There are 2 protein chains.
Amino acid sequence: MSPNLSSEASPLAVIGTVAVDQIKTPFGARERVFGGSGSYFSYAASFFTRVALVGVVGEDFPGEYRDILAERPIDLSHLEVLPGKTFCWKGFYEHDMNAAQTLETHLNVLAEFNPTLRFSSPPPYVFLANVDPDLQGRVLDQLEKPRLRFVALDTMNYWIASKRESLLRVLARVDAVVLNDGEARQLTGETNLIKAGQIIRGLGPNFVIIKKGEHGALVLGDNQFFALPAYPLDSVFDPTGAGDSFAGGMMGCLTASGEISFDSLKKAVAFGSVVASFTVEDFGLDSLRRTSLRQIEERLSLFRRLTLF
Amino acid sequence: MSPNLSSEASPLAVIGTVAVDQIKTPFGARERVFGGSGSYFSYAASFFTRVALVGVVGEDFPGEYRDILAERPIDLSHLEVLPGKTFCWKGFYEHDMNAAQTLETHLNVLAEFNPTLRFSSPPPYVFLANVDPDLQGRVLDQLEKPRLRFVALDTMNYWIASKRESLLRVLARVDAVVLNDGEARQLTGETNLIKAGQIIRGLGPNFVIIKKGEHGALVLGDNQFFALPAYPLDSVFDPTGAGDSFAGGMMGCLTASGEISFDSLKKAVAFGSVVASFTVEDFGLDSLRRTSLRQIEERLSLFRRLTLF
């Protein structure tokens, strides 16, 4: 698996946020961190495949951040620049590193974002990262259905609570959904995660991927099930972007495999976990930028050994 | 692996409680349930090996409960009967089934319990289930050290808080400790479970097994690590005894394997998880009583398939 750098067509596209974050963890604080779901996703996916990033930034978006994405096989032709400031999230983590605490969210240019997709060769694999489900739906409307092979989406507690009907509409149109354990419970009202996953499958997606942070992930398919612990880390520096990197690694690997099956999804989920395990070792994309596909593959082999019995 | 029913010597012994519980779960309530850490442990272990149960009951202990243990290769010659009532725990579970809520604990005859071990052939494998760490230490004093191959212990939040020094003394003398994630954090003051496990290894035990309920288990050894998700269950009827059944299955399997290594412990932990997954499907020992070793082995094979990638 190595990204095809020469081809212009991207088999995978993501719509997500591109952000300048302000983050504080028990191990340090940083005023300006390059972040956003689209950034983490596309960087993570780019280890496996060429990926198009559909997103928006403001006029203040630093050229050096754009250069970070341009290092990789990431198509930036759908990264719009609008007048105003880039989306900004300010948050911190308590010592347990489990849940991000939001201090401020400034949508800025994201509030006006309504992309028009102009792919000469539309991507068959699409990931709708965590944005307004109405926007996820409008993006899906623009993609030619016969060309789409696999669409997955992410969401969050805010949309489950405030835009439930819109979310249910777009959920019914996708092949897979990636959400965390708390969101799965919130969406279904069911505490048992296996049951919650089964209920979510009933809402449309054939595959349900439930992320459990330090406890790993569960994957449900049609009478199929996969449980994966988390790759063991004795220190997590900054959990920001873990979920988006997981999704990026997963979708990148799935796209590169060319096969849509429960087995290929299992492997993709394991790769996603490993990519996320690198992300959380430093602020922002700093750790992923130091990581090679070879290191990811080596950690996957070790991960496999750590879980075999 | 099948228990040797004809031999009188038990290669494994457990000291633990034998109880009459009163349990309420979202799925039902029962006034009198045969329980206790020693009962669950020995029943679970008996699928793999002959096991001696060191414990105490009161004169009110029902003959039918004793018969349940006697169905199996469980040596009851160290199950003392003292004047008074049998240990009794009354508790309930909220809808999330994660933590037991204790309503009442009546030690009764357990308060006077100070066993004298009279094994003609002392068991090389010993499990000190969750009782007062001073009692765990006194039991260990009575076992001939040259004969002991492997000793493991369990404990709980109550002893960590109230008898920390005693617990640390006995921890330093055992080969393995089994505790849950909350207890590992409480004992060490460390949130990260990998770090917590490493700290606990520094207290003495070569192997640390951290139970995470619906999220599975972690095992730490000397530069060795194993992560196992939980066997997926879409309904948990009564979680009482899950941890003790896990330990019983684990120790029974390890004893039967005849080998003390990280690899044999990994397999034993997987078997322990599977035995516990049967326990929680009904009140008390009702589900285990309907289960065969063959069913346990079949579920282990399925479990292995559900975790391979």
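Everything below is about the structure shown above.
Along each chain, numbering runs from 1 in the same order as the chain's sequence is written. Written order decides the labels, with chains lettered from A and ligands numbered from 1. Side-chain atom pairs in this predicted model are given and counted only at pLDDT of 80 or more, local residue features only at pLDDT of at least 70, and totals for whole chains, interfaces and linings cover all residues. Side-chain measures here rest on the full set of heavy atoms in the structure, leaving out hydrogens and waters.

Asker: Tell me about the overall build of chain A, and name the residues and values.
Answerer: Within chain A, the secondary structure is distributed over eleven helices and 14 strands. Structurally, chain A occupies a C-alpha span of about 50 × 45 × 40 Å along its principal axes. Summary of the burial criterion: residues with accessible area below 20% of their type's maximum are buried, those above 50% are exposed, and those between are partly exposed, where the area comes from a 1.4 Å probe applied to protein chains only. Expressed as a percentage of the 309 residues in chain A, the buried residues total 59%. Throughout, a residue-residue contact means that at least one pair of heavy atoms, one from each residue, lies within 4.5 Å. When contacts within chain A are restricted to residue pairs at least 6 apart in sequence, long-range pairs at least 24 apart make up 68% of them. Here chain A displays about 12000 Å² of accessible surface, and carbon together with sulfur accounts for 47% of that area. For the purpose of counting charges, residues Lys and Arg are taken to be positive, whereas Asp and Glu are taken to be negative. His and the chain ends are not included. A charged residue contributes its charge at one atom only: NZ of Lys, CZ of Arg, CG of Asp or CD of Glu. Across chain A, 30 positive and 36 negative side-chain charges occur, with their mean positions spaced 4 Å apart. Where helices and strands are cited, they refer to DSSP runs of H or I of at least four residues and of E of at least two residues respectively, numbered from the N terminus. To be clear on the numbers: accessible area is Shrake-Rupley with a 1.4 Å probe, and residue cover counts the displayed protein chains and nothing else.

Asker: Tell me about the interface of chain A and chain B, and name the residues and values.
Answerer: At the junction of the two partners, chain A supplies 31 residues and chain B supplies 31 residues. Accessible area that two parts lose when put together, with a 1.4 Å probe and added across both, is what the buried area reports. When the buried surface of chain A facing chain B is broken down by residue, His215, Asp234 and Phe309 of chain A rank first, second and third, together holding 26% of it. Salt bridge, as applied in this entry: a Lys or Arg side-chain nitrogen positioned within 4 Å of an Asp or Glu carboxyl oxygen. Linking chain A with chain B are two salt bridges, by the criterion used here. Mapped by element, the contributors of at least two residues to the side of chain A that touches chain B are α7 (193-202), β14 (224-228), α9 (262-279) and α11 (293-307) of chain A. Residue contributions to the side of chain A that touches chain B peak at six residues, all from α11 of chain A.

Asker: Residue-level account of unusual backbone geometry, with values.
Answerer: Residue and element names in this part refer to chain A. Although it is not a glycine, asparagine 108 adopts a positive phi angle of roughly 50°. Locating asparagine 108 in the fold gives a position in the loop between β8 (100-106) and β9 (125-128). By relative accessible area, which is 31% here, asparagine 108 ends up partly exposed.

Asker: Got a sec to walk through the relation of the copies chain A and chain B? Specific residues and values, please.
Answerer: The copies are overlaid by a least-squares fit using only the C-alpha atoms of residues whose pLDDT is at least 70 in both copies. Relative to chain B, chain A is turned by 180° and slid 0.0 Å along the rotation axis, the superposed coordinates differing by an RMSD of 0.0 Å. Here the symmetry operator amounts to a two-fold rotation axis. Of all interface residues in chain A, 100% are interface residues in chain B too; the two copies therefore contact each other through one and the same surface.

Asker: Tell me about the sheet that holds strand β3 (residues 28-35) of chain A, residues and numbers included.
Answerer: Two strands in a sheet stick together by hydrogen bonds in their backbones, pointing the same way (parallel) or opposite ways (antiparallel). Residue and element names in this part refer to chain A. Only strands that DSSP links by at least two bridges are regarded as paired with each other. Here we have four strands laid out as an open sheet, ordered β3-β2-β7-β8, and mixed in their pairing. Either end of the sheet is taken by a strand with one partner, and the two such strands are β3 and β8. Taking each pair of neighbouring strands and ignoring which way they run, the sheet shows an average axis angle of 20°. With six bridges joining them, strand β7 (residues 87-93) and β8 adopt antiparallel strand pairing. Bridging across to β8, glycine 91 finds its partner in threonine 102. Each of β2 (19-25) and β3 is contacted by helix α2 (residues 63-70), which is oriented at about 65° to β3, the strand it contacts most. Here an axis means a line fitted to C-alpha atoms, over the contact stretch when the element is a helix, while the angle between two N-to-C directions is reported on a 0 to 180 degree scale.

Asker: Please provide a residue-by-residue account of the pattern of salt bridges, values included.
Answerer: This structure, assessed with the given rule, holds 22 salt bridges over all chains. The salt bridge involving arginine 185 of chain A is made with glutamate 214 of chain B; its shortest N-O contact spans 3.0 Å. In this pair, arginine 185 of chain A is assigned in helix α6 (residues 181-188) and glutamate 214 of chain B in the loop between β12 (207-211) and β13 (217-221), connecting two distinct chains. Assessed through its relative accessible area of 32%, glutamate 214 of chain B is described here as partly exposed. A salt bridge links arginine 294 of chain B to glutamate 298 of chain B; its shortest N-O distance comes to 3.2 Å. Taken as a pair, arginine 294 of chain B and glutamate 298 of chain B lie in helix α11 (residues 293-307) at a separation of four residues, close to a single helical turn. Judged by relative accessible area, which is 61%, arginine 294 of chain B ranks as exposed.

Asker: So what's going on with the pairing of strand β10 (residues 150-154) of chain A? Residues and values would help.
Answerer: All names here are of chain A. Of all five residues in β10, five are buried, a share of seventy percent or more. With four bridges joining them, β9 and β10 adopt parallel strand pairing. Counterpart to valine 126 in the pairing with β10 is valine 151. Bridging between β10 and strand β11 (residues 176-180) involves three bridges; their strand directions are parallel. What sits directly across from leucine 153, in β11, is valine 177.

Asker: Explain α2 of chain A residue by residue, including any values.
Answerer: Residue and element names in this part refer to chain A. Regarding α2, the residues found buried are Tyr65, Ile68 and Leu69. Seen end-on, α2 carries its buried residues on one side only, within an arc spanning 95°. Contacts made by the buried residues of α2 are with β2, β3, α1 (37-45), β4 (51-58), β5 (74-75) and α10 (286-289). The arc in question is formed by the directions pointing from the helix axis toward the C-beta atoms.

Asker: Can you explain the side chain of threonine 255 of chain B? Please cite residues and give values.
Answerer: Position of threonine 255 of chain B relative to the elements: it lies in helix α8 (residues 242-257). By relative accessible area, threonine 255 of chain B is classed as buried at 8%.

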